[in-house]
Amino acid sequence: HAWSIDRSNIRVCNLVLHHSPLHGCLAESATIMPRRAARIRHCLLVAVGAVAAATGVNGSGCTIPAGHTSVECLDVPQCPATATASDFTVLVNTMNGSGPTPGTKQGERTTVEVCHRDWLSLELHWKLVGPPVPGAFRPNLTECHAKVWEEDAAEQYFAPLRPGAPFDPTNYTEVDVGPGRHAEWLGHMYNPSGYAPDPASYTTLPECNASGIVRTVANTSTGWTVDLVVPLAFLAPGVDLRMVRQWRANMYRWSGSPRVLSAWSPTSCAGAGTASCNIPHVPHLFGVFNLLERTDGSTA
């Protein structure tokens, strides 16, 4: 994965490029010392371009392997800088002929600012325009595993892209937050069909108070906000996070009454055939978070 090479892995880069047309570039850099660092940097940038051309890049540093559907992608910088996901696409509308049509964009009604801290945690700052459903903002609600999707809700799904692992995950973690100050739902999902999680997943739900997630919810004059700090170790139990620089990820919003479901990276039940399908749980259509090295949006 040449796109994730950093300064500690120059030997890996040399190995990757040794039998390529770029070999002469590194050979020159080894003999002309004053320019060595600059030439190595140039080689790495060219290597990234070569890999991107072979696998496909969706408008950023995120790489989509050949043969996979193009999905949304976000270059996520180190905090305090942030990247913004917005313009969610309507997936489901139960307003019986009124309201937004499925497939339309929602503009700035839902925006999420995202950053990471040293590849150990994600911070997500949601701004949701439009009031929650009547009675949904309940400051005293403290229920763990509340069915927040039955009201207004901010949902996020995550799976690590480990070296050598499939691009489309069958295991991922769901983190749902409602307008109540402590209302949330957490789940480590197992989804072998690719269209709906195995019901057995719901019998092994993690304890909310043990997740390490820090959340702050507030009402605003235009809607409500959610601030989340999510430990990546909770999202990927047992995974060596030092090897993970990209994540499959998606964000959904349930809003209004009747209900409207919108998504950052649109999911669909197309292809499910007669199989059961739960439209948010289609992981091959999840987007990609590309965790950058520096706060200025660069990777070097």
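A. Region of interest: the overall build of the protein chain. Counting secondary structure elements, the protein chain contains 4 helices and 13 strands. Looking at the protein chain as a whole, 45% of its 300 residues qualify as buried. Long-range contacts, defined as pairs at least 24 residues apart, comprise 63% of the intrachain contacts of the protein chain with a sequence gap of at least 6.

B. How the structure looks around the state of the cysteines. This model, assessed by the stated rule, comprises 2 disulfides. Through a disulfide, C79 is tied to C115; the S-S separation comes to 1.9 Å. Negative torsions about the S-S bond denote left-handed disulfides, and the value of about 90° found for C79 with C115 makes this one right-handed. Of this pair, C79 sits in the loop between β1 (73-76) and β2 (83-85) while C115 sits in strand β4 (residues 110-117); the two residues are 36 residues apart in sequence, bridging distant segments of the chain. Comparing C79 with C115, the two get one shared label, buried. Note on cysteine connectivity: C269 is disulfide-linked to C277, with sulfurs 2.0 Å apart. On the sign convention where negative is left-handed, the bridge of C269 and C277, at about -90° about the S-S bond, is left-handed. Using a relative accessible area of 30% as the deciding quantity, one classes C269 as partly exposed.

C. A look at the packing of aromatic side chains. By the definition in use, this model includes 9 aromatic pairs. Ring geometry for F88 against W126: centres 6.2 Å apart, planes inclined by 70°, an arrangement best described as edge-to-face. Here the residue F88 occupies a position in the loop between β2 and β3 (89-93), and W126 occupies one in strand β5 (residues 121-129), the gap between them amounting to 38 residues. The same class applies to F88 as to W126, namely buried. When the centroid spacing of 5.5 Å and the interplanar angle of 80° are considered together, the rings of W149 and W185 count as edge-to-face. Of this pair, W149 sits in the loop between β5 and β6 (153-160) while W185 sits in strand β8 (residues 184-190), and the two are 36 residues apart along the sequence.

D. Summary view of the sheet that holds β5. Sheet architecture is open: 5 strands sit in the order β2-β4-β5-β10-β9, paired in antiparallel fashion. In this open sheet, the two edge strands, each paired with only one partner strand, are β2 and β9 (214-219). On average, adjacent strands in this sheet sit at an angle of 15° to one another, irrespective of strand direction. As paired elements, β5 and strand β10 (residues 223-231) share 9 bridges and run antiparallel to each other.

E. Fine view of unusual backbone geometry. Going from C79 to P80, the amide bond is cis rather than trans, its omega being 15°. Residue position: P80 is located in the loop between β1 and β2. At D118, a position not held by glycine, the phi torsion is positive, near 55°. Here D118 shows up in the loop between β4 and β5. Judged by its relative accessible area of 47%, D118 is partly exposed. The backbone of W119 sits at a positive phi, close to 60°, despite the residue not being glycine. You can see W119 is positioned in the loop between β4 and β5.

F. Structural view of the pattern of salt bridges. Following the criterion strictly, the structure yields 6 salt bridges and no others. R253 is paired through a salt bridge with D152; the nearest N and O atoms lie 3.4 Å apart. Of this pair, R253 sits in strand β11 (residues 246-255) while D152 sits in the loop between β5 and β6; the two residues are 101 residues apart in sequence, bridging distant segments of the chain. In terms of burial, R253 and D152 fall into one category: buried. One salt bridge connects R248 with D168, and the closest N-O pair in it is separated by 3.0 Å. Linking R248 in strand β11 with D168 in the loop between β6 and β7 (171-177), this pair joins segments that are 80 residues apart in sequence.

Rules used in this analysis
Residues numbered from 1 in each chain as written. Predicted model: local features only at pLDDT ≥ 70, side-chain atom pairs only at ≥ 80, totals over all residues. Heavy atoms only, no water. Helix = DSSP H or I, 4+ residues; strand = E, 2+ residues; numbered from the N terminus. Buried < 20%, exposed > 50% of the residue type's maximum accessible area, 1.4 Å probe, protein only. Contact = heavy atoms within 4.5 Å. Disulfide = S-S within 2.5 Å. Phe/Tyr/Trp six-rings, centres within 6.5 Å; stacked < 30°, edge-to-face > 60°. Pairing = 2+ DSSP bridges. Axes fitted to C-alpha atoms, helices over the stretch in contact; angles between N-to-C directions. Salt bridge = Lys/Arg side-chain N within 4 Å of Asp/Glu carboxyl O.

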